[in-house]
Amino acid sequence: MTFTTLTLLLPACIMLHVTEEFLFPGGFIEWYQELVPSKAAGIRPGYLVWINTLMIGVCVFPVAFGATSHGFGVWYTVTAIAGINAIFHIIGVIRLKKYSPGVVTGVLLYLPLFFIGSWYLLSTGSLSLTRALIMLAIAIGYHVFSVIRQGR
């Protein structure tokens, strides 16, 4: 495993995840409205397109920065956001007792990428535990912000 491999896997995983959520089989918006009825009126397809495009676009930065402190940091933050997204899908499946568009790629791609990448970056000293925990907090904050933003 190399950092270059990790930087290439991340956008591929995100694109497959977005495909599962919105194209095949799709239905994420309807599923989310069922999961969080109070947010049903606030969920906007335009926001979802924008935020997913941004997520894929940010994946360019680790490739551009390469195996540097900035590259490791951006990669880890985006991967942590993806890993937490997978946990969101799992919680939704448990609560609704039905399939969530995005749960398969979340579990099979996002979580392994997060754990393998975390192990790689921490074990090679590319990322300190303190910095990883700060970025994990940022990733959690991103999801909190997203829920608040959808409610407007």
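Just so it is clear, the structure is predicted and the values come from calculations on it, not from any experiment. (Residues numbered from 1 in each chain as written. Predicted model: local features only at pLDDT ≥ 70, side-chain atom pairs only at ≥ 80, totals over all residues. Heavy atoms only, no water.)

## With respect to a nonpolar patch on the surface
So, step 1. Nonpolar side chains collect at one region of the surface, where Y99, V104, V107 and L108 lie side by side and expose about 350 Å² of accessible area between them.
So, step 2. Position of L108 among the secondary structure elements: in helix α6 (residues 103-123).
So, step 3. Accessibility expressed as a relative area gives 59% for L108, which makes it exposed. (Patch = residues over 30% accessible without salt bridge, like charges linked within 9 Å, V, L, I, M, F, W, Y side chains within 5 Å. Areas by Shrake-Rupley, 256 points an atom, 1.4 Å probe, with all protein chains shown as cover. Salt bridge = Lys/Arg side-chain N within 4 Å of Asp/Glu carboxyl O. Helix = DSSP H or I, 4+ residues; strand = E, 2+ residues; numbered from the N terminus. Buried < 20%, exposed > 50% of the residue type's maximum accessible area, 1.4 Å probe, protein only.)

## Some words on the layout of surface pockets
So, step 1. If you add up the space inside the largest pocket, you get close to 550 Å³.
So, step 2. Together, 29 residues line the largest pocket, and F28, N85, F88, H143 and S146 are the ones closest to its centre.
So, step 3. Elements with a minimum of two residues in the lining of the largest pocket: α1 (3-22), α2 (28-35), α3 (45-58), α5 (69-96) and α7 (129-150).
So, step 4. Here the element with the most residues in the lining of the largest pocket is α5; it accounts for eight residues. (1 Å grid on protein atoms, 1.4 Å probe; cavity = no way out; pocket = protein on both sides within 12 Å on 5 of 7 lines; lining within 4 Å. Points joined across faces, edges and corners; volume = space filled by probe spheres on them.)

## Observations regarding unusual backbone geometry
So, step 1. P25 follows F24 through a cis peptide bond whose omega is 5°.
So, step 2. With respect to the helices and strands, P25 occurs in the loop between α1 and α2.
So, step 3. Positive phi, close to 60°, is recorded for K97, a residue that is not glycine.
So, step 4. Position of K97 relative to the elements: it lies in the loop between α5 and α6.

## What about the packing of α1 against α6?
So, step 1. Closest axis-to-axis distance for the α1/α6 pair is 9 Å, and the angle between their directions is 160°. Between α1 and α6, the crossing angle belongs to the class labelled roughly antiparallel. In this structure, α1 meets α6 at a crossing whose hand is left-handed. Across the interface between the two elements, F3, L6, L9, L10, C13, I14, L16, H17 and E20 of α1 pack against V103, V104, T105, G106, L109, Y110, L113, G117, Y120 and L121 of α6.
So, step 2. Of the residues contributing to the contact of α1 with α6, the split by class is 14 nonpolar, four polar and one charged. (Axes fitted to C-alpha atoms, helices over the stretch in contact; angles between N-to-C directions. Parallel < 35°, antiparallel > 145°, perpendicular 65-115°, else oblique. Left-handed = near helix turned anticlockwise from the far one by under 90°. Contact = heavy atoms within 4.5 Å. Nonpolar A, V, L, I, M, F, W, Y, C, P; charged D, E, K, R; others polar.)

## Some thoughts on the pattern of salt bridges
Side chains that differ in sign of charge can pair as their charged atoms come close.
So, step 1. Summed over all chains, the structure comprises one salt bridge.
So, step 2. Taking the shortest distance from any N to any O, the salt bridge between E34 and K98 comes out at 2.7 Å. Of this pair, E34 sits in helix α2 while K98 sits in the loop between α5 and α6, and the two are 64 residues apart along the sequence.

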